[in-house]
Amino acid sequence: QMSNSSSITHFLLLEFTDTQQLQLLHFWLFLAIYLAALLGNGLIITIIACDHHLHTPMYFFLLNLSLLDLGAISTTVPKSMANSLWHTRTISYAGCAAQVFFFVFLVAAEFYLLTVMSYDRYVAICKPLHYGTLLSTRACVHMATAAWASGVLTALMHTATTFSLPLCQGTAVDQFFCEIPQLLKLSCSSSYVREVGMLGFSLSVVSLCFVFIVVSYVQVFSAVLRMPSEQGRHKAFATCLPHLVVVSLFVSTAIFADLKPSSMSSPSLDLVVSVLYSVVPPAVNPLIYSLRNKELK
């Protein structure tokens with residue numbers, strides 16, 4: 001039957017399990033990951049904000065990354081934990097729209113920011129004499145603002161498109177949070193062409209950013225390998241590798257989530273993949289950035 005979006009008051013999120021004990025296990029597991037993300041990102045934000053030695057472009061962008069990570073994990077995980085604890089599945093229509101908006105906004109802004117961070121590493125290693133002028137305080141603030149603003153625009157477009165579609169497949173979302181691909185499965189098949197167009201547009205923007213990151217790093221590594229001193233090479237690699245690991249983790253999980261063939265699609269696999277790209281990076285990024293970093297330690 002054709003159910004009009006305006007008459008829908010809530011959606012049903014996927015339960016991790018039917019049994020109370022496993023529900024509680026899921027709650028404690030998510031709580032542990034969430035607290036780790038809060039602690040790690042909170043520490044990085046505090047340290048960078050308070051220590052004036054760390055008031056450099058690289059750390060300014062890292063502070064922004066931690067803020068985005070905190071926001072992204074706070075959009076999905078607390079609601080899922082609450083549902084497990086109260087043994088419920090519902091999320092209100094407005095809550096679902098808010099989740100889609102904030103999640104897309106924060107994840108898109110994070111990707112744009114990672115692109116800016118690759119430019120920062122490129123300038124630092126390939127054009128060190130121009131670093132102060134190309135990455136002045138004003139330039140950094142402008143770049144960070146552009147990343148956040150682009151995230152908001154991306155989210156507005158996707159949220160508006162997704163929630164303007166008529167739904168005819170019920171209200172059960174096969175995911176622990178409101179995720180666009182799962183919401184599209186609920187829409188009337190003929191009408192999601194618009195959102196597919198939007199996804200295509202976003203994919204081309206993401207591809208451009210990704211090409212930019214790859215080209216930056218090809219130049220960075222060729223410059224690093226030409227360095228005469230072993231110590232200089234080691235230091236340059238140490239500042240670039242964390243960023244590269246974060247980008248790889250981010251891109252590989254997101255690509256797998258969006259482009260895996262439907263034959264491979266099963267609720268449990270979708271769930272694992274979504275946890276990988278939405279929950280794990282915010283918790284792991286602070287570790288990746290601080291493990292090899294003497295200044296942060």
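What comes next is a walk through the structure.

The rules behind these values
- Residues numbered from 1 in each chain as written.
- Predicted model: local features only at pLDDT ≥ 70, side-chain atom pairs only at ≥ 80, totals over all residues.
- Heavy atoms only, no water.
- Salt bridge = Lys/Arg side-chain N within 4 Å of Asp/Glu carboxyl O.
- Buried < 20%, exposed > 50% of the residue type's maximum accessible area, 1.4 Å probe, protein only.
- 1 Å grid on protein atoms, 1.4 Å probe; cavity = no way out; pocket = protein on both sides within 12 Å on 5 of 7 lines; lining within 4 Å.
- Points joined across faces, edges and corners; volume = space filled by probe spheres on them.
- Helix = DSSP H or I, 4+ residues; strand = E, 2+ residues; numbered from the N terminus.
- Nonpolar A, V, L, I, M, F, W, Y, C, P; charged D, E, K, R; others polar.
- Core = buried A, V, L, I, M, F, W, Y, C linked by side-chain atoms within 4.5 Å.
- Contact = heavy atoms within 4.5 Å.
- Disulfide = S-S within 2.5 Å.
- Expected span 1.5 Å × (residues − 1).
- Bend = angle between axes of the 7 residues up to and from the residue.

## A few points about the pattern of salt bridges
Link 1 in the chain: Within the structure shown, the criterion is met by 2 salt bridges.
Link 2 in the chain: Its salt-bridge partner being D120, residue R121 comes within 3.0 Å of it at the nearest N-O pair. Note on accessibility: R121 and D120 belong to one class, buried.

## Some thoughts on the layout of surface pockets
Link 1 in the chain: The calculated volume of the second largest pocket comes to roughly 730 Å³.
Link 2 in the chain: Among the elements of the structure, α2 (57–86), α3 (93–126) and α8 (230–259) are those that each provide at least two residues to the lining of the second largest pocket.
Link 3 in the chain: In terms of residue class, the lining of the second largest pocket is built from 13 nonpolar, 6 polar and 6 charged.

## Digging into empty space enclosed by the protein
Link 1 in the chain: Under the defined criterion, the tally for this structure stands at 3 cavities of 30 Å³ or more.
Link 2 in the chain: Within this model, the largest cavity holds a volume of roughly 80 Å³.
Link 3 in the chain: L14, E15, S80, N83 and S84 are the residues nearest the centre of the largest cavity, which is lined by 12 residues in total.
Link 4 in the chain: Secondary structure elements with two or more residues in the lining of the largest cavity: α1 (20–50) and α2.
Link 5 in the chain: Looking at which element gives the most residues to the lining of the largest cavity, the answer is α2, with 3 residues.
Link 6 in the chain: Among the residues making up the lining of the largest cavity, the classes are represented as 4 nonpolar, 6 polar and 2 charged.

## A closer look at the nonpolar core
Generally speaking, nonpolar side chains in soluble globular proteins are found buried as a group.
Link 1 in the chain: Of all hydrophobic cores here, the largest spans 67 residues; its most connected members are F11, I48, F61, L62 and L183.
Link 2 in the chain: Looking at this core, the elements that each hand over two or more residues are α1, α2, α3, α5 (137–163), α6 (180–184), α7 (193–225), α8 and α10 (280–291).
Link 3 in the chain: For this core, the leading source of residues is α3, giving 18 residues.
Link 4 in the chain: Residues contacting F11, with those up to four places away along its chain left out, are R89, T90, I91, Y93, C96, F163, L167, T171, V173, L183 and L186.

## Brief notes about the state of the cysteines
Link 1 in the chain: Going through the model one piece at a time under the given rule, you end up with 1 disulfide.
Link 2 in the chain: Residue pairing for C96: its cysteine sulfur links by disulfide to C178, the two sulfurs lying 2.0 Å apart. Linking C96 and C178, the disulfide has an S-S dihedral of approximately -120° and is accordingly described as left-handed. On the criterion of sequence distance, the pair formed by C96 in helix α3 and C178 in the loop between α5 and α6 is long-range, its members being 82 residues apart.
Link 3 in the chain: Judged by relative accessible area, C96 falls into the buried class, the value being 0%.
Link 4 in the chain: No disulfide involves C126; its nearest neighbouring cysteine sulfur is the one of C240, lying 8.6 Å away.

## Re α2
Residues separated by three or four positions in an α-helix point in the same direction, a consequence of the helix having 3.6 residues per turn.
Link 1 in the chain: End to end, α2 covers 44 Å across 30 residues, agreeing with the expected 44 Å (1.5 Å per residue, within 8%).
Link 2 in the chain: A bend of about 35° at S74 is the largest found in α2, and the proline P78 appears one to four places after it.
Link 3 in the chain: The element α2 is extensively covered by neighbouring structure, given that 21 of its 30 residues are classed as buried.
Link 4 in the chain: Immediately beyond the C-terminal end of α2, within one or two residues, lies H87, with a positive phi of roughly 55°.

That is the geometry; function is a separate question.
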